[in-house]
Amino acid sequence: MPIKTYRDALNEALHQEFERDERVFILGEDVSGGQAGSAGVVDAAGGIFGVTKGLVNKFGVDRVIDTPISESAIIGAANGAALAGMRPIAELMFADFIGVSMDQIFNQLAKFRYMFGGKTTCPVVVRLPTGAGMNMAAQHSQTMYQMMTSVPGLKVVMPANAYDAKGLLISAIRDDDPVLFFEHKGLYNDKCEVPDEPYTVPIGEADMPREGDDVTVVAFSRSVKFAIKAIDKLQEEGISCDLVDPRSSSPLDEETILESVEATSRLVVVDESPPRCGLTADIAAMVASKGFSSLKAPIEQVSAPHTPVPFARELERAYVPGPAHIEAAIRKTLA
Amino acid sequence: MDKDKLLRAYSQLKTIREFEERLNVEIATGEIAGFTHLYAGQEAVAVGVCESLDDKDYIVSTHRGHGHCMAKGGDVIDMMKEIYGSTEGLCKGKGGSMHIADFDRGILGANGIVGGGPPLAVGAAIAIKQRGDKNVAVSFSGDGSSNQGTVFEAMNLAVVLEVPSIFVFENNGYGEHTGADYAVGGDLLKRTQGFGMPVFTADGADFFSVYDATQKAIAHANAGQGPSAIYAECPRYFGHYVGDPQKYRSKDELSDIRENQDCLKILRAKVIEDASLTEAELATADEQVMKLIDDAVTAARAAPRPVAADVLEDVYINY
Ligand SMILES: Cc1ncc(C[n+]2csc(CCOP(=O)(O)OP(=O)(O)O)c2C)c(N)n1
Ligand SMILES: [Mg+2]
């Protein structure tokens, strides 16, 4: 099977869905790039992370829409187009810019289906480059998905590898409900086997990239990669872990997590977001109430600290929970 | 303008230019982390505005903020240390290039959120007005930033409240990879006038032109007439960020702006022609600037690095 990067897998999903359904279009800042530039080149950017590369050449400026820097209008226009029967994909250049467009996300997009008595759905996908790792400091490095998970009416998806990136993006585009699609910036260059043909990965079903007996590790997004490192290292010492990647925080595959904890009796939850009201706390609470009798040790939560993301290399490295933090937590739960 | 002031303005322009040119080289070594947006080409705007301000006036800057901060008196060495991520940097290495602030100098921060600044400047102007001070609060915005709702809201609020804010628009032709002619609907100048405040236009490559416009804007505020704007077209010499391949720009454009829109050349020609400064004075200023930039890089390289425990400093609550 061909090996592709996370970036290229997403790009391929976009190309294939644009091809399949004429109602699909994308809007965002520099999704083509180069409009009114002195070189007269469109597709000068293809998104600043290159995910939308080549789309404008194939599908034209009506379906690959460069917008002014106006995040409220980007999300609002996507919402309106969806209500009017289209399948828009909105791109925010960085997930942090949810802040600028918050009303259109949580008061509008998330509410329509329920508030209008089930008379409409709002099939918008919002693509959101997320997370730390590029030393871009406090306003360009946040995960954000943990906040969005608390909003009823939104699906919140965060693929951890290239295969899932393609399959989940196709599912998201075909989904009738709003999907916030978080692409970790630290994963864009990661590669794995990705089929050429279109395929879907169902939203709400966990993946189990490692299986073992001693501890259950639940991790999201780039933390899955770090958990794999920690788990593979401990495997050499004979400690074996289940690794559950829920792939979406909403809907959450509670069943897979609970089944695994029932078998291992120990739980470590890992995420790059801050600890309070975040994904690690949410899953720890869920297991404590629904799987308490399975537990033989306190649940370990591995998260970022309760601070903004700092700039300097040393600080950002200390901020992001990495393999060493995860390894320590696994050992602690076994102690 | 008296000689000292003129020489100072020239040195400021030169300092910003050389700071940015040097960063462009140093970033290529991989030593500096993150994304850096260089201000080279636009110096006349920052210096033209800030030479009329003192420490009690406020500025709110942007992601492309080095020039604004230096022009407003931000310490060059401490800024360089911040960009290198040292604990001796202006923000202890927590902010970096996009988040330089110095509250003693009235620098309320560079801002990583496009359009995040102008509402803050209105708030600072409210503070000035309530205290009865004769100061101004200046926000810098780009052509791209001018399309954010927050910028419209800020201008309207300032007009409604008649506060002494000055909205500076630097049209450098691009917001990232997209031309202003595409992204700005209508006419940025007329749009701004539409809010009911005067807009003073300036040549963004000419220090004197921006300085004059700023004098008018300050006089307007000091007369209790509320906000105004300054609109300046200016060149952006480098890419959007260091490393930007700039496929959207022609080579001709890049060489043309260096040749014909260089605020240093333009200022030098004027002061030599009217004999207000001599070649020797300018050469001495140049030497001092080059030494300052060298010192800044040397100091930043040698400055102490943060340790992991510093992550938990400067928060009020820790879990
Ligand atoms: C809310 C928000 N949207 C998008 C960005 C990404 N971004 C950073 S700078 C920039 C272009 C800004 O253009 P302009 O205002 O003209 O300033 P210039 O870069 O030309 O100085 C963009 C889109 C951002 N930082 N914040
Ligand atoms: Mg611009």
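**Q** Can you help me understand the overall build of chain A in this one?
**A** Secondary structure assignment for chain A yields 12 helices and 14 strands. Its C-alpha radius of gyration of 20 Å places chain A within 12% of the 20 Å reference for a compact globule of 335 residues. C-alpha atoms of chain A, sized along the principal axes, occupy 60 × 45 × 40 Å. Taking all 335 residues of chain A together, the buried fraction comes to 62%. Here chain A has roughly 12100 Å² of accessible surface; of this, 51% comes from carbon and sulfur atoms.

**Q** I would appreciate a short explanation of the domain arrangement of chain A in the present structure.
**A** The figure often quoted for interface size is the accessible area lost as the parts come together. Residue and element names in this part refer to chain A. Split into domains, chain A comes out as domain 1 (3-193) and domain 2 (207-334). If you average the C-alpha positions of domain 1 and of domain 2, the two centres end up 27 Å apart. When the two sides are added together, the surface that domain 1 and domain 2 hide from each other amounts to roughly 2100 Å², 53% of it contributed by carbon and sulfur. Where domain 1 touches domain 2, the interface holds 2 salt bridges. Among the ionic pairs, K225 bridges to D190, the shortest N-O distance being 2.8 Å. For the side of domain 1 that touches domain 2, the secondary-structure elements that each account for two or more residues are α6 (145-149), β6 (155-157) and α7 (162-174). Of the residues assigned to the side of domain 1 that touches domain 2, the class counts are 14 nonpolar, 10 polar and 3 charged.

**Q** Looking at this structure, how should I read the site of ligand 1?
**A** In the region of ligand 1, 22 residues are neighbours, and E71 of chain A together with H63, R64, G112 and S145 of chain B sit closest. Nearby residues around ligand 1 are contributed by chains A and B. The backbone of G112 of chain B places a nitrogen or oxygen atom 2.7 Å from a nitrogen atom of ligand 1. At 2.7 Å from an oxygen atom of ligand 1 is found a main-chain nitrogen or oxygen belonging to S145 of chain B. Per-class residue counts for the shell around ligand 1 are 7 nonpolar, 10 polar and 5 charged.

**Q** Would you mind going over the sheet that holds strand β13 (residues 267-270) of chain A with me for this structure?
**A** Adjacent strands of a sheet pair through backbone hydrogen bonds, lying either parallel or antiparallel. Residues and elements named next belong to chain A. Judged by pairing direction, the sheet is mixed, and its 5 strands sit side by side in the order β9-β11-β10-β13-β14 without closing on themselves. In this open sheet, the two edge strands, each paired with only one partner strand, are β9 (207-210) and β14 (300-302). On average, adjacent strands in this sheet sit at an angle of 25° to one another, irrespective of strand direction. Pairing analysis gives 2 bridges linking β9 to strand β11 (residues 241-245), with the strands arranged antiparallel. When the sheet's bridge partners are listed, D207 is paired in β11 with D245. This element, helix α10 (residues 279-290), spans β10 (215-219), β13 and β14 of the sheet and lies at about 155° to β13.

**Q** I keep staring at the coordination of the magnesium ion (ligand 2) and nothing clicks. Help me out?
**A** When four donors bind a metal tetrahedrally, each ideal donor-metal-donor angle is 109.5 degrees, and when six bind octahedrally, the ideal angles are 90 or 180 degrees. Residue and element names in this part refer to chain B. Bound to the magnesium ion (ligand 2) on the protein side are D143 (OD), N172 (OD1) and Y174 (O), at distances that span 2.0 to 2.2 Å. The motif formed by the donor residues of the magnesium ion (ligand 2), counted along the single chain, is D-x28-N-x1-Y. One end of the pair, D143, is in the loop between β2 (137-142) and α6 (149-161); the other, Y174, is in strand β4 (residues 174-175), and 31 residues separate them in sequence. The same class applies to D143 as to Y174, namely buried.

**Q** Quick question: what am I supposed to make of the interface of chain A and chain B here?
**A** At the junction of the two partners, chain A supplies 43 residues and chain B supplies 48 residues. In total, about 3500 Å² of surface goes out of reach between chain A and chain B, with carbon and sulfur atoms giving 62% of it. On inspection of chain A and its partner chain B, the count reaches 1 salt bridge. Residue R305 of chain B is joined to E314 of chain A by a salt bridge in which the shortest nitrogen-to-oxygen separation is 2.7 Å. At the junction of chain A with chain B, the criterion picks out 19 residue pairs in polar contact (both at pLDDT 80 or more). Here the side of chain A that touches chain B gets 5 residues from one element, more than from any other, and that element is helix α11 (residues 313-319) of chain A. The residue inventory of the side of chain A that touches chain B, partitioned by class, reads 23 nonpolar, 12 polar and 8 charged.

**Q** Would you take a moment to explain the sheet that holds β2 of chain B for this structure?
**A** All names here are of chain B. With respect to topology, 5 strands assemble into an open sheet ordered β1-β2-β3-β7-β6, the strand pairing being parallel. Edge positions in the open sheet fall to β1 (58-60) and β6 (199-203), since each of these has one partner strand only. In this sheet, neighbouring strand axes are inclined to one another by 20° on average, regardless of whether the strands run parallel or antiparallel. Of the pairings in the sheet, the one linking β1 to β2 comprises 3 bridges and is parallel in character. Within the sheet, the bridge partner assigned to Y58 lies in β2 and is A137. Where helix α2 (residues 43-50) meets the sheet, it contacts β1, β2, β3 (165-171) and β7 (228-233), and its direction lies at approximately 170° from that of β2. Here helix α5 (residues 117-131) sits on the sheet and contacts β1, β2 and β3; the angle it forms with β2, its principal contact strand, is near 170°.

**Q** Looking at this model, I keep getting lost on the side chain of E183 of chain A. Mind explaining?
**A** As for its placement among the helices and strands, E183 of chain A is situated in strand β7 (residues 179-184). Discounting residues that sit within four places of it in the chain, E183 of chain A has contacts with Y6, L10, V51, R127, L128, P129, T130 and Y188 of chain A.

What counts, and where the lines are drawn
- Counting from 1, residues in each chain are numbered in the order their sequence is written.
- Labels follow written order: the first chain is A, the first ligand is 1, and so on.
- Restriction of local features to residues with pLDDT of at least 70 applies here, the model being predicted, together with a cutoff of 80 or more for giving and counting side-chain atom pairs; totals for whole chains, interfaces and linings are based on all residues.
- Hydrogens and water are ignored here; the side-chain numbers use all heavy atoms of the structure.
- Per the convention used, a helix needs a DSSP run of H or I reaching at least four residues, while a strand needs a run of E reaching at least two, with both numbered from the N terminus.
- Between the two quantities, the radius of gyration covers C-alpha atoms and the globule rule is 2.2 Å times the number of residues to the power 0.38.
- Only protein chains enter the calculation, and the probe is 1.4 Å; a residue is then buried if its accessible area is under 20% of its type maximum, exposed if over 50%, and partly exposed in between.
- Residue-level accessible areas treat just the shown protein chains as cover; the underlying method is Shrake-Rupley with a 1.4 Å probe.
- Here the bounds of each domain stem from an automatic or database domain assignment.
- The quantity reported as buried area is the accessible area (1.4 Å probe) lost by two parts once they are put together, taken as the sum for both.
- Basic side-chain nitrogens of Lys or Arg form a salt bridge, by our definition, when they fall within 4 Å of a carboxyl oxygen of Asp or Glu.
- Basically, the charged four are Asp, Glu, Lys and Arg, the nonpolar ten are Ala, Val, Leu, Ile, Met, Phe, Trp, Tyr, Cys and Pro, and anything else, Gly included, counts as polar.
- Nearness is defined per residue: one heavy atom within 4 Å of the molecule or strand is enough.
- Polar contact is the term for a pair of N or O atoms within 3.5 Å; when the atoms are in protein, one must be able to donate a hydrogen and the other to accept it, and sequence-neighboring residues count only if both atoms are side-chain atoms.
- Pairing between strands is defined by DSSP: at least two bridges between the two strands are required.
- Here an angle of 0 to 180 degrees is reported between the N-to-C directions of two axes, which are lines fitted to C-alpha atoms, with helices fitted over the stretch in contact.
- Whether two residues are in contact is decided by their heavy atoms: any pair within 4.5 Å suffices.
- Only nitrogen, oxygen and sulfur atoms qualify as donors, provided they sit within 2.8 Å of the metal or within 3.2 Å for Na, K and Ca; with water excluded from the atoms, sites may seem incomplete.

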